[in-house]
Amino acid sequence: MGKQFWRVVVAGGAAAVFTAVAAAPAGAAEGGVSFTRVQVNNGKPIVIGVSNEVAVPASFRMATTQAWEYPAVYLYRSGGDELWHAIETSDCIKVSSGVCDFNETMYFDPSVWDMRNSEAGAWKVAARVFFKGDGGDTDDEGLTVHVKRNSRLTVNASPEPVAKDKTITVTGKVTRANWETRRYASYGGRLVSLQFKPSGAASYTTVKKVYANSSGDLRTTVKASKTGTWRWVYYGNTTTGPSMSSGDNVVVN
């Protein structure tokens, strides 16, 4: 079952509906409603850390001649799981008779609501509306959204400064959000790119790729031929968001 929360607020004169209800099988429609133009987070993955609330934009168009309330798009998985903690939906933006556009925001706050690490990965998108009086309509929208655990990287390049063409050691660590402990934990075995930007240059270039050890630690050596900045970059996967470290500048004498 999905998480169940309910609260309604009014802001700026528009009804802002925060709601979650018991999960219903997506695609089990009672009819009478058409949902189109559905978008969630502009098609990008949703990346969530351990403390900051993440506000995810969504939008959709709904057409119906029935009296309705609380339309929304949401994320679900087979078996009835729903992933949303709070949803804020705009009032009807009238397109024509019986047709409305809606702007929506999904809120995910791991510091307030429990999240399971198993919730990282692919989720399907459905749209739902309740009819005034009784019933409603729930439709699968044929879209997939990836929800990911945030990752972090650190970097240190030494010695600083260094003589030209001498060896420097670049270290770092890969961690990612553990939603259940609300802390960042080591993320071992990741393939991470070491990048370098010479002083005065506009962009970084990948120098080599290195696997983190089982504790998430990174370590490699390179020759320092120019003054510049070193950093690590991790490109993420289906359950974990990408990240890059800050840059560590090394002066070459």
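Residues numbered from 1 in each chain as written. Predicted model: local features only at pLDDT ≥ 70, side-chain atom pairs only at ≥ 80, totals over all residues. Heavy atoms only, no water.

From N to C terminus, the chain includes zero helices and 21 strands. Residues classed as buried in the chain amount to 44% of the 253 residues present. Sequence-distant contacts, at least 24 apart, represent 67% of the contacts inside the chain between residues at least 6 apart. When the accessible surface of the chain is summed, it comes to about 12,300 Å², and 48% of that surface belongs to carbon and sulfur atoms. (Helix = DSSP H or I, 4+ residues; strand = E, 2+ residues; numbered from the N terminus. Buried < 20%, exposed > 50% of the residue type's maximum accessible area, 1.4 Å probe, protein only. Contact = heavy atoms within 4.5 Å. Areas by Shrake-Rupley, 256 points an atom, 1.4 Å probe, with all protein chains shown as cover.)

This part covers the environment of E88. One can find E88 in strand β8 (residues 86–89). Exposure remark for E88: the relative accessible area of 22% places this residue in the partly exposed category. Along the primary structure E88 and E104 are separated by 16 residues, whereas in three dimensions their C-alpha atoms are 5.5 Å apart.

If you walk across this open sheet you meet the five strands as β4-β12-β11-β6-β7, and the pairing is mixed. Each edge of the open sheet is held by one strand with a lone partner, namely β4 (46–48) and β7 (82–83). (Pairing = 2+ DSSP bridges.)

Under the criterion given, the structure shown has one disulfide. One disulfide bridge connects C92 with C100, the sulfur atoms lying 2.0 Å from each other. Linking C92 and C100, the disulfide has an S-S dihedral of approximately -85° and is accordingly described as left-handed. Since its relative accessible area comes to 8%, C100 is described here as buried. (Disulfide = S-S within 2.5 Å.)

Quick look at the nonpolar core now. In terms of nonpolar packing, the biggest core is built from 36 residues, with V40, I46, V73 and L75 touching the most fellow members. Contributions of two or more residues to this core are made by β3 (33–40), β4, β5 (54–64), β6 (68–76), β10 (99–108), β11 (121–131) and β12 (136–149). Take this core: its biggest share by element is six residues, from β11. Not counting residues up to four positions away in its chain, the partners in contact with V40 are I46, V56, P57, A58, V73, M106, V125 and V145. Residues A157, I168, Y187 and A224 belong to the second largest nonpolar core, which totals 21 residues. (Core = buried A, V, L, I, M, F, W, Y, C linked by side-chain atoms within 4.5 Å.)

With that out of the way, let us pick up the environment of Y235. Its place among the elements puts Y235 in the loop between β19 (228–234) and β20 (243–244). Residue Y235 is classed as exposed on the basis of its relative accessible area of 55%. Spatially, the C-alpha atom of Y235 lies 8.5 Å from that of S193, the residues being 42 residues apart in sequence. Within polar-contact distance, the side chain of Y235 engages the side chain of Q195 at 3.3 Å. (Polar contact = N/O pair within 3.5 Å; in protein donor to acceptor, adjacent residues only side chain to side chain.)

So, about the confidence of the model for the chain. In regions of low pLDDT, the predicted coordinates are not meant to be interpreted in detail. Averaged over all residues, the pLDDT of the chain equals 88, while 88% of them reach at least 70. Per-residue pLDDT stays below 50 along residues 1–29; that stretch engages in 72 contacts with residues further than four places along the chain or on separate chains. (pLDDT = per-residue confidence, 0-100.)

Turning our eyes to something else, we now look at the pairing of strand β9 (residues 93–96). As a general feature of sheets, a regular strand has side chains that alternate between the two faces. Summarising the sheet, β9 and β10 pair through three bridges and their orientation is antiparallel. When the bridges of β10 are listed, S96 appears paired with V99. What sits between the antiparallel neighbours β9 and β10 is a turn of two residues, in which G98 has the positive phi angle 80°.

A few words on the side chain of T229. Turning to its location among the elements, T229 is positioned in strand β19. Under the relative-accessibility criterion, T229 is labelled buried at 15%. A polar contact of 3.3 Å, which involves the side chain of T229, links it to the side chain of N249. In contact with T229, not counting residues within four places along its chain, are Q195, F196, K197, Y204, G247, D248 and N249.

A few words now on the side chain of S245. You can see S245 is positioned in the loop between β20 and β21 (248–250). If near-sequence neighbours (up to four positions away) are discounted, S245 is found in contact with L153, T154, V155, R231 and W232.

Aromatic rings considered in pairs are described by the distance between their centres and by the relative angle of their planes. Counting across every chain of the model gives six aromatic pairs. Aromatic pair F60 and F102: ring centres 5.0 Å apart, planes at 20°, arrangement stacked. Within this pair, whereas F60 is found in strand β5, its partner F102 is found in strand β10, the two being separated by 42 residues in sequence. Assessed through its relative accessible area of 2%, F60 is described here as buried. A residue is classified by how much of its surface remains accessible, and F102, at 1% relative accessible area, is buried. Summarising the aromatic geometry, the rings of Y187 and Y234 are spaced 6.2 Å apart at their centres and angled 85° between planes, so their arrangement reads as edge-to-face. Here Y187 is found in the loop between β15 (183–186) and β16 (191–198), whereas its partner Y234 is found in strand β19, with 47 residues between them in sequence. As far as the burial class goes, Y187 and Y234 line up, both buried. Pairwise contacts between aromatic rings join F35, F60, W68 and F102 into one cluster. Above the face of the Y184 ring, R152 is positioned so that its terminal group lies 3.9 Å from the ring centre. The ring of Y204 carries R231 above its face, with NZ or CZ at 3.6 Å from the centroid. (Phe/Tyr/Trp six-rings, centres within 6.5 Å; stacked < 30°, edge-to-face > 60°. Lys NZ or Arg CZ within 6 Å of the ring centre and 35° of its normal.)

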